[in-house]
Amino acid sequence: MQSRRDFLQKLTASAAALSFTSYAAAAAPSVLRESQPYDGPVLRVAIMGLGGYGSRVAEAMQSSKMAKLVGVISGTPSKIKDWQTKYNIPEKNCYNYDNFDQIKNNADIDAVYVITPNALHRDQVIRVAKAGKHAITEKPMGLNAKECQDMIDACKKANVKLLVGYRLHFEPFTLEVVRMRKDGELGKVNFFQGLSGFKIGDPSQWRLNKQLAGGGSMMDIGIYAINGSRYMLGEDPIWVTAQETKTDPQKFKEGVDETITFQLGFPSGAVASCLSSYNINFLDRFFLSGDKGFAELSPATGYGPLKGRTNKGEINQPVVTHQTVQMDEMAAIILQNKKPVIPVDGEEGMKDLKIIDAIYESIKTGKQIALKL
Ligand code: NAD
């Protein structure tokens, strides 16, 4: 087996080679290393919440090289059995929501990926931190900025890392537009449009339950436009205004937003105009405009393939499985302190919740809300 030092040396050599390629490609290690055997350090992950997205992450992680699914935490014994069979997970790495604090005695698990309904993220991450394991949590990181701060504090205190599952921060089309903006190819950027929405089905699902979701479309899908405005423009907003419309108060009860339009102002003078909806289909478009050119991603946030163009033509990038690359990159962040192009740490997650808090406040008061991120 290769020593850690050998591995790091190899990594440095390949990093030097990669510096001649675009960093969008560098962000996709699983693509680049597809043909290379890998025997370096591996992040051993337990997934908490074996639902729709947990299943997607588990499947994608089978192709990750630096991250491996080794454990599960679930309240449903039959699901645990299925996953054990499917992914060869030993009994000793299986937990439920009552006993998962015992994971602290399990030396074979490095990190827990929390993929449960939004309202559970805070307490579950804090328990993971107290068990001495690194925590990855799905978006939205918590229900509000205060919850995010609690999670950050707990992970700091326990000396573990806290990451938020922002898969697009490692996605090649996304990173290519960020590179173009950074390299000045679009000139001075001064406008971003983010459209994020879909028509949600089953009215009984947790996403439409204020208690479990913490809100409506904004917590689930609108957050992509918020997050996107920051990484596309490359700065954090200083004010927000927002307006809500509701056409179906039966389905979208008190505290569950159906459609919200919002505007963000940035220190450079750039503005963003965004839409979040649970009742409009085919909303998945980012548009970034500068005085020399534009870039558009449409779709911008789906599982892929994403598609993009600029004023000069189509954007060509490798099509990857987002979660495969995400887990490789997160393993590198946790195990090797790798610095991602777009951060995915707790502070990054909390910024989006500070904006969401302000969006809800703006809707309530009808006022522009100042932001201090
Ligand atoms: P889901 O309903 O498919 O799965 C949720 C899982 O949590 C289920 O297995 C359910 O049994 C479990 N659970 C545990 N405690 C529960 C409780 N008290 N009530 C209800 N369910 C409980 O949902 P999902 O689509 O997998 O979403 C889970 C999280 O992942 C959410 O925070 C969501 O925002 C996030 N997500 C992220 C992406 C992404 O692209 N990053 C995509 C989808 C979902």
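Values in this document were obtained by computation on a predicted structure and should not be read as measured data. (Residues numbered from 1 in each chain as written. Predicted model: local features only at pLDDT ≥ 70, side-chain atom pairs only at ≥ 80, totals over all residues. Heavy atoms only, no water.)

A few words now on the pattern of salt bridges. Enumeration according to the criterion identifies 21 salt bridges in this entry. A salt bridge links Arg207 to Asp220; the nearest nitrogen and oxygen atoms lie 3.1 Å apart. Taken together, the positions of Arg207 in the loop between strand E7 (189-197) and helix H9 (210-213) and Asp220 in helix H10 (residues 217-233) put the pair 13 residues apart, joining distant regions of the chain. Across the pair Asp236 and Arg230 runs a salt bridge whose closest N-O atoms are separated by 3.1 Å. A relative accessible area of 24% means that Asp236 is categorised as partly exposed. Judged by relative accessible area, which is 5%, Arg230 ranks as buried. Put simply, Arg230, Asp236, Glu348, Lys351 and Asp352 are held in one network by salt bridges that share partners. (Salt bridge = Lys/Arg side-chain N within 4 Å of Asp/Glu carboxyl O. Helix = DSSP H or I, 4+ residues; strand = E, 2+ residues; numbered from the N terminus. Buried < 20%, exposed > 50% of the residue type's maximum accessible area, 1.4 Å probe, protein only.)

Moving on: unusual backbone geometry. In the segment running from Lys139 into Pro140, the intervening peptide bond is cis, with an omega of -10°. Following the sequence through the fold, Pro140 ends up in the loop between strand E5 (134-137) and helix H7 (145-158). Of the consecutive residues Gly304 and Pro305, the connecting peptide bond is found in the cis state with omega at -5°. A positive phi is found at Asn88, a non-glycine position, where the angle reads about 60°. Of the residues examined, Asn88 reaches a relative accessible area of 70% and is grouped as exposed. Despite not being glycine, Phe282 has its phi angle at roughly 60°, a positive value. By the element assignment, Phe282 lies in the loop between strand E10 (271-277) and strand E11 (283-290). For Phe282, a relative accessible area of 79% translates into the label exposed.

Taken in spatial order, the six strands line up as E3-E2-E1-E4-E5-E6 in an open sheet, and their pairing is parallel. If you trace the sheet from one side to the other, it starts and ends with strand E3 (94-95) and strand E6 (162-164), each paired once. Of the strand pairs in this sheet, strand E1 (residues 43-48) and strand E4 (residues 111-114) are connected by four bridges, and their pairing is parallel. Within E4, the residue paired with Met48 across the bridge is Val114. (Pairing = 2+ DSSP bridges.)

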